[in-house]
Amino acid sequence: MKIGITCYPTYGGSGVVATELGKALAAKGHQIHFISYALPHRLTNFVENIYFHEVEMSNYPLFEFQLYSLALTSKIVEVVRYEKLDLLHVHYAIPHAVSGYLAKQILRKGNSDLKVVTTLHGTDITLVGLEPSFLPLVKFSIEESCGVTAVSRFLKEKTLTNYHIEKDISVIYNFIDTNFFKRVESENLRRHIAPNGEKVLVHTSNFRPVKRVQDTIRIFEKVHKEVPSKLILVGDGPDRYECERLTRDLGLQNDTYFLGKQDGLVEILSASDLFLLPSQSESFGLSALEAMACGLPVVSTSVGGIPELVTHNETGYIAEIGDIDRMSKYAIDLFTNDRKYEEFSQNSRRRAVNDFEKSKIVPEYEKYYMDILNH
Ligand code: GMT
């Protein structure tokens, strides 16, 4: 198949899933054309069968705001026409599903029937998409997509109820390469972070309010009082400054590492013991899956699609949003019970391998494409 993929090229989960999907499909012999404003950050080296088409933006002074959705539409039309794509797969509805719809209408004039598949990832449905300036467009573009997938059952249900949509939405979970995401040797890093054998808690995110990173620090404060421990925070975003301030206010600055955006995630996770995900909303929790594949139990909130990934009392623990006391007790419980910790760690790795390995999920997308093309 010749497939176009449009996604955000940045560190967000939707871009990661889109890029890893493109790479996996290319490895299976499909021709993949990424269409975005920058090279996806997980596309670090040359991969056979992968092409990148950059959306060029005009800076004409009359346009106070950049017209990205329109420029993207024109680029999609160009790539579909000249590369003869069979299908376009857009990740994150805003604005990609709208650009996909417009491109389809333009191509229809030339008698070409572009199939557009939209994958809903999270805040495109639960947060941003509900804003009055986007809601009608999100609803319309979902209804008009030839196929729609959601990354969890929770997200599918939210889409149908929030937008009053009657559409067949397929659930295709996030996936990872468990041969890449696995515990690796990380003694040097571990010795640097926790020189006296302290336990290591870790959190990775884009530091947006929805992630409640401050809760991570407050959980750590309580754990730290009971168990010698360190906290690693990976990523960057609007809440980072506040988090750094809170860490200083609580006197935890010498035990907390703000690493910023990092590519060496596997080594960092391998040097850690427990993953914290205290989100306010989370459609799936790709970051938790990456940690589980590296053998880390997860302590998280019970929101969104997280319970479809984290099994309470098996691969970690889940609690109510903001229940810092409970989440810290869970962490302390795991740190003070070696047998239970080991069992949870093995369960986490097993769950990632058995249920979310890319070799299991990628064929689900391939089958989905075939169904759409044959329809
Ligand atoms: O929605 C976001 O805040 C970021 C978003 C993205 O698209 O980058 O992440 C979402 O997509 C991931 C991949 O499907 C999911 O694993 C995340 O749970 C989801 N984030 C939220 O729902 C907050």
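Residues numbered from 1 in each chain as written. Predicted model: local features only at pLDDT ≥ 70, side-chain atom pairs only at ≥ 80, totals over all residues. Heavy atoms only, no water.

Caption draft 1: Structural context of the sheet that holds strand β12 (residues 298-301). Strand order across the open sheet formed by six strands is β10-β9-β8-β11-β12-β13, with parallel pairing between neighbours. Of all strands in the sheet, those bounded by a partner on one side alone are β10 (256-260) and β13 (316-319). Neighbour-to-neighbour, the strand axes of this sheet turn through a mean angle of 20°, independent of strand direction. (Pairing = 2+ DSSP bridges. Helix = DSSP H or I, 4+ residues; strand = E, 2+ residues; numbered from the N terminus. Axes fitted to C-alpha atoms, helices over the stretch in contact; angles between N-to-C directions.)

Caption draft 2: Here's a closer look at the sheet that holds strand β4 (residues 87-91). Here seven strands make up an open sheet; going across it, the order is β3-β2-β1-β4-β5-β6-β7 and the pairing parallel. Looking along the sheet, the strands with just one partner apiece sit at the ends: β3 (50-54) and β7 (169-171). Averaged over all pairs of adjacent strands, the angle between strand axes in this sheet comes to 25°, irrespective of strand direction. Two strands pair when backbone bridges link them, and strand β2 (residues 31-36) and β3 are joined in this way by five bridges, in the parallel orientation. Its bridge partner lying in β3, Phe34 is registered against Phe52. Contacting β1 (2-6), β2, β3 and β4, helix α2 (residues 68-83) crosses the sheet at an angle of about 160° to β2. (Contact = heavy atoms within 4.5 Å.)

Caption draft 3: Representation of the site of the ligand within the structure. Among the 18 residues in the neighbourhood of the ligand, the closest are listed as Ser14, His121, Thr123, Asn174 and Glu282. In this structure, His121 approaches the ligand through a side-chain N or O atom, which is 2.7 Å from an oxygen atom. Relative to its unbound accessible area of 480 Å², the ligand is 96% covered by the protein chains. Broken down by element, the residue count for the shell around the ligand peaks at three residues, all from helix α1 (residues 13-27). (Near = heavy atom within 4 Å. Polar contact = N/O pair within 3.5 Å; in protein donor to acceptor, adjacent residues only side chain to side chain. Areas by Shrake-Rupley, 256 points an atom, 1.4 Å probe, with all protein chains shown as cover.)

Caption draft 4: Examining the pattern of salt bridges more closely. Applying the stated rule across the entire model yields 25 salt bridges. Of the charged contacts in the structure, one is a salt bridge between Lys139 and Glu143, with a shortest N-O distance of 3.1 Å. Taken as a pair, Lys139 and Glu143 lie in helix α5 (residues 135-144) at a separation of four residues, close to a single helical turn. Classification of Glu143 as partly exposed rests on a relative accessible area of 33%. (Salt bridge = Lys/Arg side-chain N within 4 Å of Asp/Glu carboxyl O. Buried < 20%, exposed > 50% of the residue type's maximum accessible area, 1.4 Å probe, protein only.)

These values are about where atoms sit, not about what they do.
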